[in-house]
Protein chains: 2
Amino acid sequence: MRPTIRDVAREAGVSLASVDRVLNRRPGVRAGTILRVEAAVARLGFVRDLAAANLSRRRDYRFVFLIPTGPNTFMRELEAEARALGEQVRPARVAVEVVGVPPFDGEALAAALDALAPGEVSGVALVGTDAAVARDALVRLAAAGVPVVTLVSDVPFAPRSRYVGIDNVAAGRTAASLLGRFLGPRGGTVALVAGSMLVRDHVERRMGFEQVARAEFPRLSPLPVIEGRDDAAATRAALAALMAREPGIAGLYNMGAGNRGVIDLLRALPESGRPLAVAHELTPHTRAALRAGLIQAVIHQDAGHEARSALRILRAAAEGAPLNEAQERIRVEVYLRDNAP
Amino acid sequence: MRPTIRDVAREAGVSLASVDRVLNRRPGVRAGTILRVEAAVARLGFVRDLAAANLSRRRDYRFVFLIPTGPNTFMRELEAEARALGEQVRPARVAVEVVGVPPFDGEALAAALDALAPGEVSGVALVGTDAAVARDALVRLAAAGVPVVTLVSDVPFAPRSRYVGIDNVAAGRTAASLLGRFLGPRGGTVALVAGSMLVRDHVERRMGFEQVARAEFPRLSPLPVIEGRDDAAATRAALAALMAREPGIAGLYNMGAGNRGVIDLLRALPESGRPLAVAHELTPHTRAALRAGLIQAVIHQDAGHEARSALRILRAAAEGAPLNEAQERIRVEVYLRDNAP
DNA sequence: GTGAAAGCGCTAACAT
DNA sequence: ATGTTAGCGCTTTCAC
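Note that the coordinates shown come from a computational prediction; the quantities given were computed from them, not determined experimentally.

In this section: the domain arrangement of chain A. What the domain assignment reports for chain A is domain 1 (5-48), domain 2 (57-163 + 304-328) and domain 3 (168-300). Taking only C-alpha atoms into account, the centre of domain 1 of chain A sits 37 Å from that of domain 2 of chain A.

Surrounding DNA strand D, one finds 27 residues, the nearest of these being Ser15 and Arg30 of chain A together with Ile5, Asp20 and Ser56 of chain B. Counting only the atoms of DNA strand D that lie within 4 Å of the protein, the sugar and phosphate share comes to 62%. With respect to DNA strand D, the side chain of Arg48 of chain B contributes an N or O atom lying 3.0 Å from a phosphate oxygen. At the level of secondary structure, the elements contributing two or more residues to the surface near DNA strand D comprise helix 2 (16-23) and helix 4 (50-57) of chain A together with helix 2 (16-23) and helix 4 (50-57) of chain B. It is helix 4 of chain B that contributes the most residues to the surface near DNA strand D, four residues altogether. Of the residues that constitute the surface near DNA strand D, the class distribution is 10 nonpolar, eight polar and nine charged.

Topologically, Arg93 of chain A is positioned in the loop between helix 5 (73-89) and strand 2 (94-101). You can call Arg93 of chain A buried: its relative accessible area is 15%. Leaving out residues up to four positions away in the same chain, Arg93 of chain A has contacts with Arg59, Asp60 and Tyr61 of chain A together with Arg2 and Asp49 of chain B.

Right, let's talk about the sheet that holds strand 4 (residues 148-151) of chain A for a bit. Residues and elements named next belong to chain A. Here we have five strands laid out as an open sheet, ordered 2-1-3-4-5, and parallel in their pairing. Looking at strand neighbours, the two that pair on one side only are strand 2 and strand 5 (162-164), the edges of this open sheet. Direction aside, the axes of adjacent strands within the sheet are offset by 20° on average. Pairing analysis gives three bridges linking strand 4 to strand 5, with the strands arranged parallel. By the bridge assignment, Val149 is partnered in strand 5 with Arg162. Across the face of the sheet, helix 6 (residues 106-114) comes into contact with strand 1 (61-68), strand 2 and strand 3 (123-127) while running at roughly 170° to strand 3.

The biggest cluster of nonpolar side chains holds 103 residues, and the ones touching the most others in it are Phe65 of chain A together with Phe65 of chain B. When sequence neighbours within four positions are dropped, the list of residues in contact with Phe65 of chain A reads Ala82, Val96, Glu97, Val98, Val99, Ala125, Leu151, Ala307, Ala310 and Leu311 of chain A.

Now for the UniProt feature "domain: HTH lacI-type" (unreviewed entry) in chain A. The positions UniProt marks with the feature "domain: HTH lacI-type" (unreviewed entry) are residues 3-57 of chain A. Note that residues 3-57 of chain A is 69% helix and 0% strand, and that its end C-alpha atoms are spaced 20 Å apart.

Before going further, it helps to spend a moment on the sheet that holds strand 4 (residues 148-151) of chain B. All names here are of chain B. Taking strand neighbours across the sheet as the criterion, the five strands line up as 2-1-3-4-5 in an open arrangement whose pairing is parallel. Looking at the sheet topology across the chains shown, the edges are occupied by strand 2 (94-101) and strand 5 (162-164). When strand polarity is set aside, the average angle formed by the axes of neighbouring strands in this sheet is 20°. Here four bridges tie strand 3 (residues 123-127) to strand 4, and the two strands are oriented parallel to one another. Pairing of Leu126 across the sheet is with Thr150, part of strand 4.

Working note: α-helix, 3.6 residues per turn, so residues spaced by three or four point in the same direction. All names here are of chain B. With 14 residues, helix 3 (residues 31-44) extends 20 Å from end C-alpha to end C-alpha; this agrees with the ideal 20 Å at 1.5 Å per step. Residues of helix 3 that are buried include every one of Thr33, Val37, Ala40 and Val41, and no others. One side of helix 3 carries all its buried residues, which in axial view fall inside an arc of 100°. Of the residues in helix 3, the exposed ones pointing more than 90 degrees away from the buried face are Ala31, Leu35, Ala42 and Arg43. Gly45 lies just past helix 3 and shows a positive phi near 65°.

Scoring rules and cut-offs
Residues numbered from 1 in each chain as written. Chains lettered and ligands numbered in written order. Predicted model: local features only at pLDDT ≥ 70, side-chain atom pairs only at ≥ 80, totals over all residues. Heavy atoms only, no water. Domains from an automatic or database assignment. Near = heavy atom within 4 Å. Polar contact = N/O pair within 3.5 Å; in protein donor to acceptor, adjacent residues only side chain to side chain. Helix = DSSP H or I, 4+ residues; strand = E, 2+ residues; numbered from the N terminus. Nonpolar A, V, L, I, M, F, W, Y, C, P; charged D, E, K, R; others polar. Buried < 20%, exposed > 50% of the residue type's maximum accessible area, 1.4 Å probe, protein only. Contact = heavy atoms within 4.5 Å. Pairing = 2+ DSSP bridges. Axes fitted to C-alpha atoms, helices over the stretch in contact; angles between N-to-C directions. Core = buried A, V, L, I, M, F, W, Y, C linked by side-chain atoms within 4.5 Å. UniProt positions renumbered as here; feature names shortened; annotations may be inferred. Expected span 1.5 Å × (residues − 1). Arc of directions from axis to C-beta.

And the structure:
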């Protein structure tokens, strides 16, 4: 039988309340008593039952996830994961609420953040738009004592703020490595497509790509970045225009969303004229394109893992619990046709 | 305020005990009462507090992990993860015990399994050795009602038995894809190294490799598999012998452990004569080799994820709870120098 | 069949 | 500074 605070109290010769005070480091206990209780705890190997403690405290948690609206497949998956997670943790008395926010819109994000009543929310996770207004709203929220994590795209707003997502520089480096090796010693020109150079993740991916291209694959010539605003049609049009004025493109790296546009364009090209392509996020579209050989590799981040990780981090912050850091590292996943799930 | 069984009882006009009986589908309740309770549950949106339920049931869990002994870095990491996990879940009244078992030894594994008293253990996770004796012991254990999962290397012993680990055929396919692309149109002969063709994971990796090599990279010529028993020295010796009698090896796929032996040998080779290499499991050694350019890619499985997944599955089985299947899928991770964490 | 009441291990008033 | 006691939400005897 595992020891309880009653056992500890008896062993230390004090009351339950004193044991509780010591365990929770509450004031009002003599130093000597503290020592006796701690000795008893050590002797018995006592470990406090978290469930019982939380039950007694009748704590309820409410966490809010701010996720961009719009057709972006990855964001929709992230939202679905957050909602599913909410169902899963409900029996443990924690509520997860998903709030939609217009994408690429710092003002809207700031407004949504300011609308949160600090007393009523135990923590906030949000997909960042790196604008000054948003940063300010985050600072206010954190100042009010609400734990905050940024998801997928970071907004560094405080020295100790946490980011849940991949290392986007590493992702860009990986893309360059793959394209560099796949293209071989001949190299070639490479088209770079982003959603917007105003979101941090795309900027960082580009940086990583250039680093490796320059240092290790000098025969790789990246063209200036074109922007597709994470929209399929716009991306396709911009890319088509680029290919028209820049013949002989050998490689393609889509750092943003809008993969449907890229894939449609690739499919329309004669096989001999198709660049080798690397894209982000495994979705039904990119998976099909991998299988069809239209895309050679996909760099991926696991939305479910990110949602769970964000919740674990917020929960730990809310209850002052420790964290298994290794579990929270989001992987830069690489999928070829053969290991795609 | 979230509803409790008291609210449900009041709403349905019955007692707490009846509500409890209905919620837990225990017999001895009239059909009409059941309906009234269920209606009240639905009306109030009642969700049972799991922590309180477990507390009241005063349930303790004890799970046993059977992990091969020996110097295999990956297995040591798996053990460390299992132990760390044990610390983490102790406050929730679940104990995780790690038991060492000699590797590649079906008899020893069977003996360890038979030594488990079915009544005293809530679930067992084990790294499989696919021998008949082990399979029989697993059947006995499962028949005694103990939930079982196989880890890393499967032992199919029952139609509904669960396996926690990567799809090793996909891993082998991925290795072939990478080597095929990296070597380019010239192709070349490829050395295949395994620990033992008696463990299922290595056999499956080989199968996957051959599939892709034949179908997609006909210029890739895999040599017959050599075995190193997951031992660095033995692996190095066997590989050196192979290279001596088979000059001009262009690629290398180590499906097993013993990476230290492979890496030492590669380092000793003149740079021009080094095959491009793909290995399994990211460890300090393989990470360093990636950075040094001695290995081009590592196929990895996350030991921490596997340990946590095994525990979640066993726990769910023990308490009859549902599972988030997506969370339990172990990824075939691919690491190049640039995305290695 | 159904209900009342006593806990599970811990916390939080409220005494002392 | 320390102890007593009444719960937290649920399960489980044991009566009725």
